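Structure assessment
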Amino acid sequence: MYKIAKRIESGRTNQVSLELLEPRLLLSSTTGADDAEIIVDLPVDTVVSAPVSIDSASGIESADETAANVTVPDGILSVSPSSADQGAANLLVTFTLDANISPSLPPSFVSPSGAWIGQIAGTSVARNGTEVTAYFTIPDDEPAGMKGVSVGFPAPGGNTLLYTKSAAFEIVGDSTPTVGDPWTGYTLFNPLNETTTYLIDIDGDVVHTWESDYRPGMSAYLTEDGSLLRMGNANNTNFAAGGAGGVTQLIDWDGNIIWEYAYSRDTYLTHHDVEILPNGNVLLIAWELKTHAQAVQAGRNEALLNDGELWPDSIMEVQTTGETSGDIVWQWHAWDHLIQDHDATKDNFGAVADHPELIDVNYALGAGGADWTHVNSIDYNAEFDQILLSVRSFGEIWVIDHSTTTTQAAGHNGGGAGMGGDILYRWGNPQTYGAGDVGDQVFYGQHDAQWIAEGLPGQGNILVFNNGQNRPEGQYSSIEEIAPPVDTLGAYSLAPSGVYGPDSPSWIYTAQTPTAFYANQISGAQRMANGNTLICNGPDGDF
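Residue numbers run consecutively from 1 along every chain, following the written order of its sequence. Predicted model: local features are reported for residues with pLDDT of at least 70 only, side-chain atom pairs are reported and counted for 80 or more only, and whole-chain, interface and lining totals are derived from all residues. The side-chain figures draw on all heavy atoms in the structure; neither hydrogens nor water molecules are used.

**Let's talk about the overall build of the protein**
Assigned secondary structure in the protein consists of 2 helices and 38 strands. Out of the 543 residues belonging to the protein, those deemed buried represent 50%. Should any heavy atoms of two residues lie within 4.5 Å, those residues are considered in contact. In the protein, the share of contacts with a sequence separation of at least 24, taken over all contacts with a separation of at least 6, comes to 56%. If you sum the accessible surface of the protein, you get close to 23,700 Å²; carbon and sulfur atoms cover 46% of it. Counting from the N terminus, the helices are the DSSP runs of H or I reaching at least four residues and the strands are the DSSP runs of E reaching at least two. Throughout, exposure labels follow a simple rule: accessible area from a 1.4 Å probe, protein chains only, divided by the maximum for the residue type, with under 20% read as buried, over 50% as exposed, and the rest as partly exposed. Per-residue and other accessible areas follow the Shrake-Rupley method at a 1.4 Å probe size, with only the shown protein chains counted as cover for residues.

**Describing the side chain of T270**
Here T270 lies in strand 23 (residues 268-276). Owing to a relative accessible area of 1%, T270 belongs among the buried residues under this scheme. Once residues within four sequence positions are removed from consideration, T270 is found in contact with M231, A244, G245, G246, V247, Y263, L284, I285, A286 and M316.

**Some thoughts on the sheet that holds strand 23**
Two orientations exist for strands paired in a sheet by backbone hydrogen bonds: parallel and antiparallel. The 4 strands are arranged 23-24-25-26 in an open sheet whose pairing can be described as antiparallel. Here the strands that pair on one side only, and so sit at the sheet edges, are strand 23 and strand 26 (325-333). Recorded for the sheet is a direction-independent mean angle of 30 degrees between the axes of neighbouring strands. Pairing between strands is defined by DSSP: at least two bridges between the two strands are required. Where strand 25 (residues 313-322) and strand 26 come together, 8 bridges link them in antiparallel fashion. Opposite I315, over in strand 26, you have W332 as the bridge partner. Note on method: axes are straight lines fitted to C-alpha atoms, helices fitted across the in-contact stretch only, with angles between N-to-C directions ranging 0 to 180 degrees.

**Focus: unusual backbone geometry**
A cis amide bond links S80 to the next residue, P81, at an omega of -5 degrees. One can find P81 in the loop between strand 7 (76-80) and strand 8 (83-85). Here the amide bond leading from S102 into P103 is cis, since omega sits at 0 degrees, within 30 degrees of zero. Among the secondary structure elements, P103 is positioned in the loop between strand 9 (91-97) and strand 10 (114-117). Phi at D74 is positive, roughly 60 degrees, even though this residue is not glycine. With phi around 70 degrees, H272 is a residue other than glycine that occupies positive phi space. Tracing the backbone through its elements, the reader meets H272 in strand 23. Taking relative accessible area as the criterion, H272 reaches 8% and is therefore assigned buried.

**Considerations on the side chain of R471**
Within the element layout of this structure, R471 appears in the loop between strand 34 (462-466) and strand 35 (478-482). For the charge count, each Lys or Arg is scored as positive and each Asp or Glu as negative, with His and the chain ends excluded. What makes a salt bridge here is a side-chain nitrogen of Lys or Arg within 4 Å of a carboxyl oxygen of Asp or Glu, nothing more. One buried charged residue, R471, forms no salt bridge at all, with the nearest opposite charge on E480 at 4.1 Å. Between N or O atoms, a polar contact is any pair within 3.5 Å; within protein, one atom must be a potential hydrogen donor and the other a potential acceptor, and residues adjacent in sequence are included only when both atoms are from side chains. Here the side chain of R471 touches S478 through a polar contact of 3.1 Å, side chain to side chain. Excluding residues within four positions of it along the chain, R471 makes contact with V442, Y444, N466, Y476, S477, S478 and E480.

**Examining the confidence of the model for the protein**
Averaged over all residues, the pLDDT of the protein is 87; the fraction at 70 or higher stands at 86%. Across residues 1-67 the pLDDT falls below 50, and counting only partners more than four positions away or on other chains, this stretch makes 137 contacts in the model. Every residue carries a pLDDT, the predictor's confidence in it, which falls somewhere between 0 and 100.

**Topic: the pairing of strand 30 (residues 386-391)**
Summarising burial for strand 30: 6 of the 6 residues are buried, a large majority. The side-chain alternation of strand 30 yields two buried faces, one formed by Q386, L388 and S390 and the other by I387, L389 and V391. Two strands pair when backbone bridges link them, and strand 30 and strand 31 (residues 396-401) are joined in this way by 6 bridges, in the antiparallel orientation. Counted as the bridge partner of I387 is I400 from strand 31.

**Quick look at the sheet that holds strand 31**
Pairing in this open sheet of 4 strands is antiparallel, and the strands run 29-30-31-32 from one edge to the other. In this open sheet, the two edge strands, each paired with only one partner strand, are strand 29 (375-381) and strand 32 (425-427). On average, each strand axis in the sheet is tilted by 15 degrees relative to the strand beside it, whichever way the strands run.

**Quick look at the pattern of salt bridges**
Oppositely charged side chains may form a pair once their charged atoms are brought near each other. Considering all chains together, one arrives at 4 salt bridges under this definition. Of the charged contacts in the structure, one is a salt bridge between D343 and K346, with a shortest N-O distance of 3.4 Å. The partly exposed category is assigned to D343, whose relative accessible area is 21%. A residue is classified by how much of its surface remains accessible, and K346, at 24% relative accessible area, is partly exposed. A salt bridge links E396 to R426, with the nearest nitrogen and oxygen atoms 2.9 Å apart. Linking E396 in strand 31 with R426 in strand 32, this pair joins segments that are 30 residues apart in sequence. When sorted by exposure, E396 lands in the same class as R426, which is buried.

This is the structure in structure tokens:
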């Protein structure tokens, strides 16, 4: 409801009008009373231009507002200049807004609430018609590459109307690796065929070890209190594939098992990675068995059922309830978000290219084995309440919404992004959603996708170990950093071409002779506080 109380001059007829941005509508009310209170009921989540216009007015006394944030992709036509060097100071940037965009621009007297290049906020933001100007200082350590831009306007209820343009501004810098001082921290690792986890110092000396009854399955993390969070291999022969797990352990500094949670049966198995959340719960990746009949009914081409079954991935949030127990308090299943254009008589039929938020059940690596998606890493972004997945068999990274309920996560609506459990963002291989071909693929067998943590150089960007397995130009590995086209509200923009940006990574590391550095499987990379990147060649055991 929008309620306007207005004093009106005696004997005059006055009109009060509200211009709604979504849906496009003009509501008005006319009165001749000496004092009037006009009440207009608006749809929930309606965004109202601010301030409300009142003809022959003398001011609004009160307004009760209901509104929601709105992001307008491609609401910015151009940016000038469109590039700057790292370290540039007091840079005046002009954003030209689209006067014909829908929702339309706020009235010319409404000042912007902010302007951004990537996550860099501008100062002295001003507006002149469709042009907005702001001053920017580019940090010396800002990652080079293309950045999205955005301009925000205030909306009722403390919300924001955000006009954006993806990959519109380039930060220019030197990405050539240099030799410098190492970061003097500790390194944690668990050899693939051992039950011992090691903590070593900068000199390679062993500082501490933890023992387990299980080989890795396939990750280990040191928690804030010095405990070890570790995945173990339960030897479940029903899921004979790389990265198999089944057991999650939390072991204290002295080697005592605090928690051991098993998720291993004939029809499901945890694997690869684990992520601890701020509330102490953990996120786990799990395969779930789908039979031949279930796969065909979902629209899978029988020619792509080489193993006669599929193991789509699911994500679970588990809350500890005892030394060997836990409750699944939230879950997401890839199987709930499918699309296929193979068989109109089966489920999930539609145009793949029209639904980048869905998963093509007939995209398959090679002959189409059971381990269809092969998610091999998981990370969490507390600022946006989002989850990042490395989907090896698709050559992609995916971002999904964690702010949903489990019911919403099974559908296409709800949550902070309003998309339920659908994919919010994906990058690395646009042919998987019908927007490219083999020449557009960037990731080949990638691992260890992660957001660079707050406070570290490149914060908010995504770092990936690109193994390079079957890379067309030769088998070599690279570490790639990308700046996703995300605004300050956690919304991702899709380019007019139908492909998610950026066009290219903002930073890439390869050996001087690229083929001299190649890890065909496992492996990872991590950004450190001094800006260096720690790299692990998994098969060779080199850091």
